[in-house]
Amino acid sequence: MATPAPISARIAAVLAGQAQRFEYDETIDGEPHHFEVQLVPDTGPDGQVRGYFYTGLDVTDRTRAEQAGKALALEVQRQADILKLVAEAIPATVVVVGADSRYRFVNGAFEAYCGLPREQIIGRTAMEVLGVAEVERRRPFMVKALGGESVTFALDYPGLDEIGRA
């Protein structure tokens, strides 16, 4: 079997005493493969290179898994971006609260309702953002949501018009 060209190109360097570490692609039986190779000089007691050690590893499966992971991450980000666009277009307040009771996501309507930028909301609790009285009004809905139920609710604010102005 002939030495693959990417390895042949590195042999002179390893025989000159320079360790080589590289990756290359090769087609074997019509299938693409990805290899990691290391060539390490074998130096004698006199300091002269008398050969080299070769280690090669077919990392095709790992490379494919990494590529699939990157593709999945891009798709997840694309979907998250779409969800954010939709949440921003909704005039109602939209929030995501973690199991630790801290805000993970809020839309612009919630920012406007609170009068705070999301940077001052994300990571804080409802108690910190809304205060005790408002949290008590919402507690029954919060308990249901933290119990795994999907919850939609509306609260009346006597004396305010439909966009929250007195």
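1. Thoughts on the nonpolar core
Step number 1: Listed in full, the nine residues of the largest apolar core are Tyr103, Val106, Phe110, Cys114, Ile121, Ala126, Val129, Leu130 and Val135.
Step number 2: At the level of elements, strand E5 (103-106), helix H3 (108-114) and helix H4 (126-130) are the ones that each hand at least two residues to this core.
Step number 3: Element by element, the count of residues in this core is highest for H4, at three residues.
Step number 4: Sequence-distant contacts of Leu130, defined by excluding residues within four places in its chain, comprise Tyr103, Phe110, Tyr113, Cys114, Val135 and Arg138.
Step number 5: Counting residues in each nonpolar core, the second largest holds eight residues, with Ile7, Ile11, Tyr24 and Phe35 among its members.

2. Focus: the pairing of strand E1 (residues 20-28)
Step number 1: Here E1 pairs with strand E2 (residues 31-43) via nine bridges, running antiparallel. The partner of Arg21 across the bridge, within E2, is Gln38.
Step number 2: Taking the residues between adjacent antiparallel strands as the criterion, E1 and E2 are bridged by two residues, where Asp29 takes a positive phi near 50 degrees.

3. Some thoughts on the side chain of Arg138
Step number 1: Along the polypeptide, Arg138 turns up in helix H5 (residues 132-146).
Step number 2: Leaving out residues up to four positions away in the same chain, Arg138 has contacts with Tyr113, Leu130, Phe153, Leu155 and Tyr157.

4. Quick notes on the packing of aromatic side chains
Step number 1: This structure, assessed with the given rule, holds five aromatic pairs.
Step number 2: Plain terms: the ring middles of Tyr24 and Phe35 are 5.4 Å apart, the flat faces sit at 20 degrees to each other, and that makes the pair stacked. Here Phe35 lies in strand E2 and Tyr24 lies in strand E1, a separation of 11 residues in the sequence. Both residues of the pair, Tyr24 and Phe35, count as buried.
Step number 3: Ring geometry for Phe141 and Phe153: centres 4.2 Å apart, planes at 5 degrees, overall stacked.

5. Topic: a nonpolar patch on the surface
Step number 1: Together, Leu15, Tyr52 and Tyr54 give the surface a local cluster of nonpolar side chains, amounting to about 280 Å² of exposed area.
Step number 2: Looking at the element boundaries, Tyr52 is found in strand E3 (residues 49-58).

6. Details of the confidence of the model for the chain
Step number 1: Across the chain, the average pLDDT comes to 90, with 94% of residues at 70 or higher.
Step number 2: At the level of individual helices and strands, the chain shows its lowest average pLDDT in strand E4 (residues 95-97), which scores 88, and its highest in E3, which scores 96.

7. Thoughts on the sheet that holds E1
Step number 1: Strand order in the open sheet made by the three strands is E1-E2-E3, with antiparallel pairing throughout. Edge positions in the sheet fall to E1 and E3, since each of these pairs with one other strand and no more. Each adjacent strand pair in this sheet contributes to an overall mean axis angle of 30 degrees, direction not counted.
Step number 2: Relative to E3, E2 runs antiparallel, the two sharing nine bridges. Across the sheet, Glu36 pairs through a bridge with Leu57, a residue of E3.
Step number 3: Those strands touched by helix H1 (residues 5-15) are E1, E2 and E3, and its axis lies near 160 degrees from that of E1.
Step number 4: On top of the sheet, helix H2 (residues 60-89) reaches E2 and E3; it is set at about 120 degrees to E2, its chief contact.

Quick notes on the rules
Residues numbered from 1 in each chain as written. Predicted model: local features only at pLDDT ≥ 70, side-chain atom pairs only at ≥ 80, totals over all residues. Heavy atoms only, no water. Core = buried A, V, L, I, M, F, W, Y, C linked by side-chain atoms within 4.5 Å. Buried < 20%, exposed > 50% of the residue type's maximum accessible area, 1.4 Å probe, protein only. Helix = DSSP H or I, 4+ residues; strand = E, 2+ residues; numbered from the N terminus. Contact = heavy atoms within 4.5 Å. Pairing = 2+ DSSP bridges. Phe/Tyr/Trp six-rings, centres within 6.5 Å; stacked < 30°, edge-to-face > 60°. Patch = residues over 30% accessible without salt bridge, like charges linked within 9 Å, V, L, I, M, F, W, Y side chains within 5 Å. Areas by Shrake-Rupley, 256 points an atom, 1.4 Å probe, with all protein chains shown as cover. Salt bridge = Lys/Arg side-chain N within 4 Å of Asp/Glu carboxyl O. pLDDT = per-residue confidence, 0-100. Axes fitted to C-alpha atoms, helices over the stretch in contact; angles between N-to-C directions.

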